[in-house]
Structures are given as structure tokens and as C-alpha cells.
Amino acid sequence: MTPQDIIDSEAYYESLSVYVVNGTPAAARLSCGGVIEACLAVARGELKKTFAIVRPPGHHAEPDEHMGFCFFNNVAIATRVVQLLTPMKKILILDWDVHHGNGTQRAFYDDPSVLYISLHRYESGQFYPCGTFGSMVSCGEGPGLGYSVNIPWPEKGMTDADYIHAFQQVVMPIAMEFSPDLVIISAGFDAADGDELGECHVTPTGFAHMTHMLASLAGGRLVVALEGGYNMDASASSAVAVARVILGEAPPELPPQIATEVGTETVYQVAVEQSKYWKSVNPKACEPREDVTENTFSIPEILKAHRQHYLYSKHNMLQVPLMTAEYEERFGTQVMCTNDLLENKTLVVFVHEFGNLRVELNKKPHATCVSSTLI
Ligand SMILES: [Zn+2]
């Protein structure tokens, strides 16, 4: 392209969120070729694990459309090459980039040989790449139905605990049931703590733990391929943490982890959806806790309230304030008078107690006394 070509095409490329210079085609091919080589080396047993540190990224690139900083879908293309050239046929692609990998999901949407699992910000389809393709009910089609798994976060701010909860309840059960020959991580680091685009809080230790869990699959055949990530320091320290695990180190210790309410709810809903396709996913095991709220009343309290309401609405009777706090607490709602109390020369006082009302609750005999006896 001439400099003028680049200026002329700027609006077109900007509409797709891609930016090009003369070196872009060569860089895009190098990046894609790098991921292909990394995958082939592992699939052929030449290396146990690899980390392809490449740019431009690939997971937004659709089969016939470049978009979102991506030109070729590095991971999707490498997956097909591995299937064509090696005995590795069942491949798991785990995409933890904060954006949905629409291109990768599209490439294998009807293909049961590739399991695509993505954790990403979704926000009702408002977060890039927008639309409903990354929703939790977007699960594949035809023979590929059930082989696209989306864990769509409804808001920013997700934590290590949320990601690990999703891994324990959804990602790993499905991955183990699928039993892949090779695992590829679409490793964007834009969900990292400190990334201003992703606005989430996954720490290097969190990434290390996710890598460690995925490394237990496929006999340890694991390829990590760089995708997004816009805070250089956060991307670098996260990548180092992942690399350490690839080199065989145990992930560092995590403090006690409790998933957020939003994370728990999302994982539960995804589990409900995915349990249609995967026997190992158990929604009951991750049902959000519903704390019992203080909204129980005793039968005498309900009867007192009913009587008070009845006397007021039927006979216009009002509650009489009592002299001490102690009386108020004990008889507060029980002393009522007609509103001509101060004018009428005759005062009639009815005093009565609750009569006998017998109820049975939960099979345990319970006796509650309620009176309707007038004295
Ligand atoms: Zn991203």
C-alpha cells in the first residue's frame, strides 16, 4: 500500500477496529505461522508445552472477516493444521481473553472435534465484539451443539475467585468429559488486574492456577498463544506466571477464594445451560446460596395485626398509646378505642384474651392459644 492508500482506507479499517501499515501482512503471517509451529511441535511430541508470544492476535478474526486488531485467526488455523497433519484430532481451545473470541467460535460452531470454551465480559451483548454470539445460550449448532461453551460475565470487576469457580464447576468438568488430545489457550491478558480495557482483577497467580488446571489435560500437551492485553506490566507479569507453570513450577499459593455474587450466579446459569449437553456439569453443586431473611412472624403476631387492621377499617378504632415502654412492647398493638373516647360520657371496656386455637406445623404438634372470649 502507498501512504495514500493507507490514508484512503483508514475509515474502512477503523470501522473494523483494525489498524494497518505496510508491514501488517507480513507480521500477521508471522504471528499465525508462529502459533502453527508451536502447536505442531507439541502435537508431534517435539515439545511438551509451548508459549507463542505473538502479535497481532487472532481470536476476533472470522473465517471471512478481519476485525478487532486480528487478521488471521492464529489459534483456529493452527487447530486445523494440527488436525490435518498429526494424529491429534480432539482439541480444546480455552479462551480467557476478556473479549469473546467470536472468530474462533464461528470457525468451529458446527464441529464437535473442537471444544471452544470462553470466559469473557458480555454485559448483555454490549461489550466488544457485541451481539449475542457470546451469550451462554450460544452453544454450537448441528453436530457441534454443546461444543461452544460461553461463560459471559455480566459486568466488569471479575476476580480470581470467579474464574477459579468457573473452572471448578464448568470448565474442568466439561474438559475432562471431552478428553482432548491437545489444549490451546487463547491467552489474552486483558482480564488482568490493572488492564484499563478489561477492568477485571485476575492476578498473575490466578492465571497460573488456570494454566495448571489445563495442564492436567491431554497428557500435558498444552500450547499458550498470546491474544489481547493492554497494560504492558500486567500482561508481562501474567505471562511470566503462566510461563513458570509451563516450565513445571507449581502455581503460587492463593489466599482464600470466594466468588462474587455476580460470578456465582453466572456460573450457575451456565451450568444449567451446559448440563443439557454434559453429564459432568451439576448445576445443583453451584446453586447460589439464598440466605434466609428475617421475615417470619408468629401466629399470635399475625392475628394481632389482623385484628388491629379489622377494628380500624371496620369500626374506625384507633390504637391507644400505653404508659411505659414495657407495656408498649407487651400490649402495644392490642389496646384499641373508638374515636369518640373523649366525648362520650359512657366508657365501656372490653378485656379479653386469645382463645384456644390449635394448629399443627411440620407434623410437630404445636399448640398456640388465641382467644375470642369477651369478658
Ligand atoms: Zn481482548
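Each remark here, short or long, concerns the structure printed above.
Each chain has its residues counted from 1, running along the sequence as written. It should be noted that, the model being predicted, local features are given only for residues of pLDDT at least 70 and side-chain atom pairs only at 80 or more, the latter also being counted only at that level, while totals for whole chains, interfaces and linings use all residues. The side-chain numbers reported here are obtained from all heavy atoms of the structure, hydrogens and water having been left aside.

## A closer look at the overall build of the chain
Right, so step 1: Each helix is a run of DSSP H or I of at least 4 residues and each strand a run of E of at least 2, with the numbering of both proceeding from the N terminus. Scanning the chain from terminus to terminus reveals eleven helices and twelve strands.
Right, so step 2: Here the C-alpha radius of gyration of the chain, 32 Å, is well above what a compact globule of 375 residues would show, namely 21 Å.
Right, so step 3: Along the first, second and third principal axes, the C-alpha set of the chain runs to 105 × 50 × 40 Å.
Right, so step 4: Any pair of residues with heavy atoms lying within 4.5 Å of one another is described as a contacting pair. Here the analysis covers contacts within the chain between residues at least 6 apart in sequence; of these, 70% occur between residues at least 24 apart.
Right, so step 5: Where accessible areas are quoted, they stem from the Shrake-Rupley method and a 1.4 Å probe; at the residue level, only the protein chains shown are allowed to cover. With an accessible surface of roughly 20,300 Å², the chain has 57% of that area assigned to carbon and sulfur atoms.
Right, so step 6: In this tally, Asp and Glu contribute negative charge and Lys and Arg positive charge; neither His nor the terminal groups of the chain are included. Each charge is placed at NZ for Lys, CZ for Arg, CG for Asp and CD for Glu. Across the chain, the mean location of the 25 positive side-chain charges is 10 Å away from that of the 44 negative side-chain charges. Based on C-alpha atoms, the radius of gyration is set beside the globule rule, defined as 2.2 Å times the residue count to the power 0.38.

## Focus on a nonpolar patch on the surface
Right, so step 1: A grouping of Leu 341, Leu 342, Leu 347, Val 349 and Val 351 is seen on the molecular surface, where their side chains present a nonpolar patch of about 540 Å² in accessible area.
Right, so step 2: Mapped onto the elements, Leu 342 comes out in the loop between strand 8 (336-337) and strand 9 (352-353). Excluding any residue in a salt bridge, patches collect residues exceeding 30% relative accessible area, merging like charges within 9 Å and nonpolar Val, Leu, Ile, Met, Phe, Trp and Tyr side chains within 5 Å. Within this document, salt bridges are pairs made up of a side-chain nitrogen of Lys or Arg and a carboxyl oxygen of Asp or Glu, the two lying within 4 Å of each other.

## What about the sheet that holds strand 2 (residues 91-95)?
Right, so step 1: Note: two strands are recorded as paired if DSSP finds a minimum of 2 bridges between them. Read across the sheet, six strands follow the order 1-6-5-2-3-4 without closing on themselves; strand pairing throughout is parallel. Taken across any chain shown, the strands that pair with only one partner, and hence form the sheet edges, are strand 1 (49-52) and strand 4 (148-153). Between one strand axis and the next, the sheet turns through 10° on average, direction left out of account.
Right, so step 2: Every axis in this analysis is a line fitted to C-alpha atoms, fitted for helices over the stretch in contact. Angles between the N-to-C directions lie between 0 and 180 degrees. Sheet strands touched by helix 6 (residues 160-178): strand 2, strand 3 (114-121) and strand 4. Its angle to strand 3, the strand with the most contacts, is close to 170°.

## A short note on the packing of aromatic side chains
Right, so step 1: Any pair of Phe, Tyr and Trp rings, taking the six-membered ring for Trp, is counted once the centres come within 6.5 Å. Such a pair is stacked with planes under 30 degrees apart, edge-to-face with planes over 60 apart, and tilted for the rest. With the rule as written, the count across this model stands at ten aromatic pairs.
Right, so step 2: Considering the side-chain rings of Tyr 147 and Trp 278, the 5.5 Å spacing of their centres and the 75° angle between planes classify their relative orientation as edge-to-face. In this pair, Tyr 147 sits in the loop between strand 3 and strand 4 while Trp 278 sits in the loop between helix 9 (261-274) and helix 10 (299-315), placing the two residues 131 residues apart along the sequence.
Right, so step 3: What makes Trp 278 buried here is its relative accessible area of 5%.
Right, so step 4: Aromatic side chains Phe 189 and Phe 207 sit 5.0 Å apart centroid to centroid with 85° between the ring planes, which places their arrangement in the edge-to-face category. Here Phe 189 is found in the loop between strand 5 (182-187) and helix 7 (204-214), whereas its partner Phe 207 is found in helix 7, with 18 residues between them in sequence.
Right, so step 5: By relative accessible area, Phe 189 is classed as buried at 0%.
Right, so step 6: Feature note: the residues Tyr 19, Phe 69 and Tyr 230 constitute an aromatic cluster, connected by ring pairs.
Right, so step 7: Here Lys 90 stacks its cationic end above the ring of Phe 178, 5.3 Å away from the centre of that ring.
Right, so step 8: Geometrically, a lysine NZ or arginine CZ counts as sitting over a ring once it is within 6 Å of the ring centre and also within 35 degrees of the ring normal. When the ring centre of Phe 133 is taken as origin, the NZ or CZ atom of Arg 106, which lies over that ring, is 4.0 Å away. Think of it in three bands: with a 1.4 Å probe and only protein chains considered, a residue is buried below 20% of the maximum accessible area for its type, exposed above 50%, and partly exposed in between.

## Notes on the coordination of the zinc ion
Right, so step 1: Protein coordination of the zinc ion is provided by Asp 97 (OD), Asp 97 (OD), His 99 (ND1) and Asp 190 (OD), with donor distances spanning 1.9 to 2.8 Å.
Right, so step 2: As a motif over one chain, the donors of the zinc ion read D-x1-H-x90-D. In this pair, His 99 sits in the loop between strand 2 and helix 5 (102-107) while Asp 190 sits in the loop between strand 5 and helix 7, placing the two residues 91 residues apart along the sequence.
Right, so step 3: Judged by its relative accessible area of 0%, Asp 190 falls in the buried class. Metal donors: N, O and S atoms at distances within 2.8 Å, or within 3.2 Å for Na, K and Ca, with water omitted from the atom set so that some sites may seem incomplete.

## Some points on the environment of Glu 123
Right, so step 1: Following the sequence through the fold, Glu 123 ends up in the loop between strand 3 and strand 4.
Right, so step 2: Between the alpha carbons of Glu 123 and Pro 152 there is a distance of 7.6 Å; along the sequence they are 29 residues apart.
Right, so step 3: Residues contacting Glu 123, with those up to four places away along its chain left out, are Trp 153, Pro 154, Glu 155 and Lys 156.

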